[in-house]
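Spelled out, the chains give:
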Amino acid sequence: MIAALRLEEVSFSYGSVPALERVSFSVAPGERVALLGRNGAGKSTVVRLIAGLQRPDEGTVWVGDWDTRDCVPEQLAWRVGSVFQHADQQLFARTVRDDVSFGPRALGVGEREVERRTDRALEDLDLTAHAGHHPYDLPPALRKLTALAGALASEPALLVLDEPTIGLDRTLRARVTRALLDRSAGSVALLVITHDLTFAAETLERGVVLDRGSLACDESLAALLGDVTRLEPLGLAPPPVAALSAALDLPGRPVRAADAAAALARVARGKPVP
Ligand SMILES: Nc1ncnc2c1ncn2[C@@H]1O[C@H](COP(=O)(O)OP(=O)(O)O)[C@@H](O)[C@H]1O
Ligand SMILES: [Mg+2]
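Residues numbered from 1 in each chain as written. Chains lettered and ligands numbered in written order. Predicted model: local features only at pLDDT ≥ 70, side-chain atom pairs only at ≥ 80, totals over all residues. Heavy atoms only, no water.

Asker: Give me the sheet that holds strand E9 (residues 206–211): which residues, what numbers.
Answerer: Backbone hydrogen bonds hold the strands of a sheet together, and the pairing may be parallel or antiparallel. The six strands are arranged E6-E7-E8-E3-E9-E10 in an open sheet whose pairing can be described as mixed. The open sheet has two edge strands, strand E6 (80–83) and strand E10 (214–220), and neither has a second partner. Neighbour to neighbour, the strand axes of the sheet diverge by 15 degrees on average, direction disregarded. Two strands pair when backbone bridges link them, and strand E7 (residues 158–162) and strand E8 (residues 189–193) are joined in this way by five bridges, in the parallel orientation. Within E8, the residue paired with Val 160 across the bridge is Leu 191. Against the sheet, helix H5 (residues 140–153) touches E6 and E7, its axis set at about 170 degrees to E6. (Pairing = 2+ DSSP bridges. Helix = DSSP H or I, 4+ residues; strand = E, 2+ residues; numbered from the N terminus. Axes fitted to C-alpha atoms, helices over the stretch in contact; angles between N-to-C directions. Contact = heavy atoms within 4.5 Å.)

Right, dumping it as structure tokens:
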């Protein structure tokens, strides 16, 4: 099966400032990958390369079977939906609905299909009641969701999201989790930059960590988050559930809230853990 995304020995510098050095990883259709690392590690640069806003100095970024070097961003938008950092400050239409429908409309799909995709994206994020509002009349958290709905509405094979949950409360984060799990079940590949490892644990399955522009690790997210001693050197704060599992030495070191609750209940009843 062809990967939704494949970075092959990718290096990139901003002038004399190196940002990525020989980074390789790929994301399969339906896979849910967290892109992690401290500030300046190179995460946003990866997003810019995938969206075609930058070209690699060396190596290749493949989006499906397209080499981004041969593509303009408008073409890549057929396959990639991206939400950039501060995307909530980049809304421009007069209504939430117009903003969300911009992506599919720009792809040139028929008007009924534009409407269908827009309705679905608004519903997925519970924004339907806000469809007629001006984006800047909404609180920042709902503007953030509007930007995400715009990416969903293009119905791309790959979603690349830079910090989609910043400023969102627990309820809104759960909304994002639900929408992303739903798209992934439909074979959409996810690459999500986040510092919110609780959200990552609930939503994503694999962790790719960058450290000073190089690939530091690429493995199961549960295994990585469950090993709290490895997180700090990578600039990652252990999520509270993982810290609890480690502190209580819970069997299997669960990192999701529901799994930790189940493990605690078993321990409390003195039952063996499967
Ligand atoms: N527009 C730019 N011009 C010059 N250097 C940049 C630019 N954007 C990012 N950098 C540098 O590239 C490196 C990687 O940055 P970035 O990809 O934004 O990291 P992250 O998203 O992980 O915080 C950092 O050293 C950063 O200072
Ligand atoms: Mg960044």
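Asker: For the site of ligand 1, give the residues involved together with the corresponding values.
Answerer: As a structural note, the neighbourhood of ligand 1 is formed by Tyr 14, Ala 19, Arg 38, Asn 39, Gly 40, Ala 41, Gly 42, Lys 43, Ser 44 and Thr 45. Note that an oxygen atom of ligand 1 is positioned 2.7 Å from one of the backbone N or O atoms of Gly 40. By residue number, the principal contributor to the shell around ligand 1 is helix H1 (residues 43–50), which donates three residues. When the residues that make up the shell around ligand 1 are grouped by side-chain class, the tally is three nonpolar, five polar and two charged. (Near = heavy atom within 4 Å. Polar contact = N/O pair within 3.5 Å; in protein donor to acceptor, adjacent residues only side chain to side chain. Nonpolar A, V, L, I, M, F, W, Y, C, P; charged D, E, K, R; others polar.)

Asker: Help me get a handle on the packing of helix H3 (residues 96–107) against helix H4 (residues 111–124), residues and values and all.
Answerer: Interhelical geometry of H3 versus H4 gives an angle of 130 degrees and a closest axis separation of 9 Å. Considered as vectors, H3 and H4 are oriented oblique to each other. Here H3 runs over H4; the crossing is right-handed. For the pair H3 and H4, the contacting residues are Val 96, Arg 97, Val 100, Ser 101, Pro 104, Arg 105 and Leu 107 in the first and Glu 111, Val 114, Glu 115, Arg 117, Thr 118, Asp 119, Ala 121 and Leu 122 in the second. Of the residues contributing to the contact of H3 with H4, the split by class is seven nonpolar, two polar and six charged. (Parallel < 35°, antiparallel > 145°, perpendicular 65-115°, else oblique. Left-handed = near helix turned anticlockwise from the far one by under 90°.)

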